[in-house]
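One letter stands for each residue in the lines below.
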Amino acid sequence: MKFGIGQSAPRVEDRRLLIGAGCFSDDVFPGKGLHVAFLRAPYAHARMLHLDVSAARNLDGVSLVATQADLDADNVGDIECQFCPPLIGGGKMQLVSKSAMVRDINRHAGDIVAMVIAKNQEIADSAIELIKVEYQSMPVVTDIYAAMGDDASQLYDCYPNNTAFEWGAGNFDGTNQAMKAAIANGHKIVEVDVINNRVVINSMETRPMVVAPGKRAGSLDIWCGTQGVVGVAEQIAKSLSMDLADVHVQTGDVGGSFGFKIFLHPEQICIAWAARRLGVMVRWQQSRSDCFLSDLHGRDNRSQARAAIDEAGRILALEVTVHANMGSWLSNFSTYIPTLSGSRTLTTVYDIKAASLRVIGVMTNTPAVDAYRGAGRPEANYLMERLMDHIAVETGHSRLNIRRVNLIKTDQIPYEMVSGGTIDSGEILQLFEAAIEQADVAGFSNRRAQSDTQSKFRGIGFGMYLEQCGGGADEGVDIEFEDDGRIILYGSQQCNGQGHRTTITQILSDCLGYDVDLITVHQGDSNRSPRGTTGGARMAAVLGSATAMAAANIIDIATPLAAEMLDCDVDTLVFADGLFLVKDTNRSLTIEDLVRHLAQPGQMHQLNCIQPYETDGATYPYGCHIVEVEIDKGTCAVEVVRYSVMDDFGLVINPMTLAGQIHGGIVQGVGQALLENVVYDDSGQLLAGSLMDYALPRADHFPGFMIDMRNTPCVNNFLGIKGAGEAGAVGAPQAVISAVCDALEITHIDMPATPLKIFNMIKAKENQNTVKEEAGG
């Protein structure tokens, strides 16, 4: 059986997973190894005055009790932030590192104070209870704005007013001049201030880890979920002062990640160190409640936009300020997300020539924040679309026309954006009009009237989006041919649910005309996998292009060898659908037969191929989400009743798996818009610390999705693909909030739009109307 590009081929991963034959991290050597428990700080900010672990060490069945002092004695390194943004005033920010456990001051509730290794989980948990700690509590700050106050508790001496950095992009002088000129000419200024709420990632599989001594003395075998094994292996090796070759990280099946499993977490250092120290296997199965306390979180920005507009609502100048909550420590890419990542889509799909962005990174007594599906681009797109709706309110123009007058037109593409990057392809206005037609916007008034008869408000919302993703370089693929004709492909990136093996198999089968049953894709072995990371919707654009380019190179090498077998000139040979054909004859040779013929036992196959790949630039998928919601007038509950999306993803490899990615992204985006919210009290304690308190989207929250595409090929990669894995999450939140505001006939409501917020908004509006009526009377 052969798969072709563009075919909705079934996923090759699914049967194994559905029959329970998957191998996730905790499936490795089940029941074997010592168990781990962590003592976590109960305070969000405190100085540790005294720590006594003697009783825990004396408990039967305990193999090790460790604190940061033990790690320091072994010179174990900290977690380091890997991006140092330049500051607006010049120079670079000072980066603070994160010790795996608390040295003296813990800065968020859940910081690791001690670790216990025992023969079973019950003993490990019991030993934790025997550890005595004396704390001196310190003032706590969790709110971004409050953290910057002169009277706020300082997390680090090197960050006055808890401001870690102030970074900028765009043209400050030009934007300032354009803003002044607009004001002088009497143009309107529109301002918005929005919250992009903090979320817990909540992947289906948590962060279990198994570590054991390797076969070679002093080496470690590590099994854990990642989005690229080599990067994690490098960090653990550096932290433990080991050679990279001695740190063998392996990742099997991964039950979701969405960004945060790229990065090193404190527990990974602790467990790897303990297994090395003890010389035995150590395993940790993270609980769901532990995820809320210790996982990296996502989003958490306060964003302000100030735009000068003309009479038609066209934006003449745009100033954006983002206050980004970094949490209590700097994760690997935390400083990159709101700065370089978010800035690349500052102006999104709109033709704005004068724009500037100022990003202020703020430290608070909360868990660290890093990449979450979209990583800075959802935040930028959400702000821009809320601004568009505000402009419509201020000018009296329709929300559709405001977007029409500002959209980048086809004859402007390639379009160089003021904040960096050039949109290489697209027909944005035409896609917008097609989306409006697909969603039957013209029929909305009738549907609204019908909802009203059922005592429900109904609203329609619009959300454009633009991503910059799918670019960069990695080590690509390493393809080996077996003597029996089979292909083994080692891929640089790591699947965490998307269906990488299906995509890569499909591309290779199409390009080589190869039987899919003869293709095996391997990922997740730091000793064998090429270096690379899944993230930024780059798998198909980078790894897929590497696969297609490798196939082209293999055919080039194979053609003269096939000509020799067929006893013909190379010029008379053509390759199509897996066959080398001699022109004007009936002579042919399958590539599979050629592979078997060329095989020489014990020797490297002549067609083996290593293919790294670097794109010529990023990809710029874009689209339009149109959502209709109903709000029950009695309960204030929101129901999404229609959902339509039109995207441009360039070349589509597999429409079915692509639809799955779109669905998942939409669900996560709607979850943030309506349900999810990380809330802390004044003492820094997490109030939504379990799935009893933290609402996740469910299947019954959604209607069927109407999905269509108006694709134009990307010119920046070998296959013409545009990244799609994050797009649903980038476009959904603003469309949903737009619909809620339309239903309530208000200008804005912050995410998540919960029934309580909606109830309060309705009551406030009723009170305002009452005051107006009384004043008029």
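Residues numbered from 1 in each chain as written. Predicted model: local features only at pLDDT ≥ 70, side-chain atom pairs only at ≥ 80, totals over all residues. Heavy atoms only, no water.

(A) Geometry of the overall build of the protein chain. Within the protein chain one finds 20 helices and 30 strands. For the protein chain, the C-alpha radius of gyration of 28 Å lies close to 28 Å, the compact-globule estimate for 777 residues. Counting every position in the protein chain, which comprises 777 residues, the buried fraction comes to 58%. Contacts in the protein chain between residues at least 24 apart in sequence constitute 80% of all its contacts with a sequence separation of at least 6. Working note: accessible area of the protein chain is about 29700 Å², and carbon and sulfur atoms make up 50% of it. (Helix = DSSP H or I, 4+ residues; strand = E, 2+ residues; numbered from the N terminus. Rg over C-alpha atoms; globule rule 2.2 N^0.38 Å. Buried < 20%, exposed > 50% of the residue type's maximum accessible area, 1.4 Å probe, protein only. Contact = heavy atoms within 4.5 Å. Areas by Shrake-Rupley, 256 points an atom, 1.4 Å probe, with all protein chains shown as cover.)

(B) Up close: the environment of Asp569. By secondary structure assignment, the location of Asp569 is in the loop between helix 16 (539-566) and strand 24 (573-576). Residues Asp569 and Val582 lie 13 residues apart in sequence; the distance between their C-alpha atoms is 8.8 Å.

(C) Quick peek at the nonpolar core. Ranked by size, the top nonpolar core spans 162 residues in total, and within it Met115, Ile222, Ile315, Leu318, Leu387 and Val740 carry the most contacts. Residue contributions to this core peak at 11 residues, all from helix 19 (residues 727-744). Ignoring sequence-local partners within four residues, the contact set of Met115 consists of Val36, Ala37, Phe38, Leu64, Val65, Ala66, Met101, Cys270, Ile271, Trp273 and Ala274. Ala558, Ile591, Leu607 and Tyr613 belong to the second largest nonpolar core, which has 37 residues in total. (Core = buried A, V, L, I, M, F, W, Y, C linked by side-chain atoms within 4.5 Å.)

(D) Spotlight on the sheet that holds strand 24. As summarised here, the arrangement of the three strands in space is 24-25-26, forming an open sheet in which the pairing is antiparallel. The open sheet is flanked by strand 24 and strand 26 (588-590), the only strands paired with a single partner. Each strand axis lies, on average, 20° off the axis of its neighbour in the sheet, ignoring direction. Pairing geometry for strand 24 and strand 25 (residues 579-582), over four bridges, is antiparallel. Residue pairing in the sheet places Ala576 in a bridge with Leu579 of strand 25. Strands strand 24, strand 25 and strand 26 of the sheet are contacted by helix 17 (residues 591-598), whose axis makes an angle of about 75° with strand 26. (Pairing = 2+ DSSP bridges. Axes fitted to C-alpha atoms, helices over the stretch in contact; angles between N-to-C directions.)

(E) The arrangement of unusual backbone geometry in detail. In this structure, the amide linkage connecting Ile413 to the following residue, Pro414, adopts the cis form with an omega of 10°. Among the secondary structure elements, Pro414 is positioned in the loop between helix 12 (399-406) and strand 18 (415-416). A cis amide bond links Met751 to the next residue, Pro752, at an omega of -10°. Within the secondary structure layout, Pro752 lies in the loop between helix 19 and helix 20 (755-776). Positioned with a positive phi, Asn162 is a non-glycine residue whose angle comes to about 60°. Secondary-structure assignment places Asn162 in the loop between helix 5 (144-147) and strand 7 (163-170). At Ala375, a position not held by glycine, the phi torsion is positive, near 50°. We classify Ala375 as buried; its relative accessible area is 9%.

(F) Just the packing of helix 11 (residues 377-395) against helix 12, in detail. Following both chains from N to C, one finds helix 11 and helix 12 inclined at 115°, their axes separated by 9 Å at the closest point. On the basis of their axis angle, the class for helix 11 and helix 12 is roughly perpendicular. Seen from above, helix 11 lies across helix 12 with right-handed handedness. Here helix 11 contributes Glu385, Met388, Asp389, Ile391, Ala392 and Thr395 to the contact with helix 12, which in turn contributes Arg399, Ile402, Arg403 and Asn406. Class assignment of the residues belonging to the contact of helix 11 with helix 12 gives a composition of four nonpolar, two polar and four charged. (Parallel < 35°, antiparallel > 145°, perpendicular 65-115°, else oblique. Left-handed = near helix turned anticlockwise from the far one by under 90°. Nonpolar A, V, L, I, M, F, W, Y, C, P; charged D, E, K, R; others polar.)

(G) Just the sheet that holds strand 2 (residues 46-52), in detail. Read across the open sheet, the three strands follow the order 4-2-6; overall the sheet is antiparallel. With partners counted over all chains shown, the strands left at the sheet margins are strand 4 (105-106) and strand 6 (132-137), one partner each.

(H) Seen up close, helix 15 (residues 500-512). For helix 15, built from 13 residues, the straight-helix expectation of 18 Å at 1.5 Å per residue is met to within 8% by its first-to-last C-alpha distance of 18 Å. Of all 13 residues that make up helix 15, 11 are buried, and the element is covered over most of its length. Of all the positions in helix 15, only His500, Arg501, Thr502, Thr503, Ile504, Thr505, Gln506, Ile507, Leu508, Ser509 and Leu512 are classed as buried. If you follow the buried residues of helix 15, they end up packed against strand 21 (473-481), strand 22 (487-491), strand 23 (519-522), helix 16, strand 24 and helix 17. Residue Gly513 follows helix 15 closely and has a positive phi angle near 65°. (Expected span 1.5 Å × (residues − 1).)

(I) Up close: the environment of Leu674. Topologically, Leu674 is positioned in helix 18 (residues 655-674). Expressed as a C-alpha distance, the spacing of Leu674 and Pro755, which sit 81 residues apart in the sequence, is 8.9 Å.

(J) Spatial organisation of the side chain of Gln286. Counting through the fold element by element, Gln286 comes out in the loop between strand 13 (282-284) and helix 9 (288-294). Among the polar contacts listed, one links the side chain of Gln286 to the side chain of Ser294, at a separation of 3.2 Å. Looking at Gln286, its side chain comes within polar contact range of the side chain of Asp295, at 3.0 Å. Residues contacting Gln286, with those up to four places away along its chain left out, are Thr206, Arg207, Pro208, Cys291, Ser294 and Asp295. (Polar contact = N/O pair within 3.5 Å; in protein donor to acceptor, adjacent residues only side chain to side chain.)

(K) Up close: the packing of helix 18 against helix 19. Following both chains from N to C, one finds helix 18 and helix 19 inclined at 45°, their axes separated by 7 Å at the closest point. Classified by the interaxial angle, the pair formed by helix 18 and helix 19 is oblique. Relative to helix 19, the crossing made by helix 18 is right-handed. Contacts from Ile662, Gly665, Ile666, Gly669, Val670, Gln672, Ala673 and Leu674 of helix 18 reach helix 19 at Gly728, Ala729, Ala732, Pro733, Val736, Ile737 and Val740. For the contact of helix 18 with helix 19, a count of residues per class yields 11 nonpolar, four polar and no charged.

(L) Main features of the packing of aromatic side chains. Scanning all chains against the criterion turns up 11 aromatic pairs. Residues Tyr156 and Tyr159 carry aromatic rings whose centres are separated by 5.8 Å and whose planes lie at 70° to one another, so their mutual orientation is edge-to-face. Across the pair, exposure class does not vary: Tyr156 and Tyr159 are buried alike. Following the ring pairs from residue to residue traces out a cluster consisting of Phe83, Phe263, Phe333 and Tyr336. We note Lys633 situated over the ring of Phe457; from NZ or CZ to the ring centre the distance is 5.0 Å. (Phe/Tyr/Trp six-rings, centres within 6.5 Å; stacked < 30°, edge-to-face > 60°. Lys NZ or Arg CZ within 6 Å of the ring centre and 35° of its normal.)

(M) How the structure looks around the pattern of salt bridges. Going through the model one piece at a time under the given rule, you end up with 49 salt bridges. Here Arg528 makes a salt bridge to Asp478, at a shortest N to O gap of 3.0 Å. Here Asp478 lies in strand 21 and Arg528 lies in the loop between strand 23 and helix 16, a separation of 50 residues in the sequence. A salt bridge links Arg642 to Glu628, with the nearest nitrogen and oxygen atoms 3.4 Å apart. Residue Arg642 is located in strand 29 (residues 638-648), and its partner Glu628 is located in strand 28 (residues 622-632); the two are separated by 14 residues in the primary sequence. (Salt bridge = Lys/Arg side-chain N within 4 Å of Asp/Glu carboxyl O.)

(N) Examining helix 12 more closely. Looking only at helix 12, the buried set comprises Arg399, Leu400, Ile402, Arg403 and Asn406. One face of helix 12 carries all of its buried residues, which in axial projection span an arc of 165°. (Arc of directions from axis to C-beta.)

(O) Molecular detail of the pairing of strand 2. Pairing geometry for strand 2 and strand 4, over two bridges, is antiparallel. Across the sheet, the residue bridging to Arg47 is Ile105, located in strand 4. In this structure, strand 2 lies alongside strand 6, joined through six bridges in antiparallel fashion. The residue of strand 6 that forms the bridge with His50 is Glu134.

(P) Region of the structure containing the pairing of strand 20 (residues 456-466). Of all the 11 residues making up strand 20, nine are buried; the element is thus mostly covered by neighbouring parts of the structure. Inspection of the sheet shows strand 20 paired to strand 28 by 11 bridges, in the antiparallel sense. Bridged to Gly463 within strand 28 is His625.

Shape is all these values report; function is a separate question.
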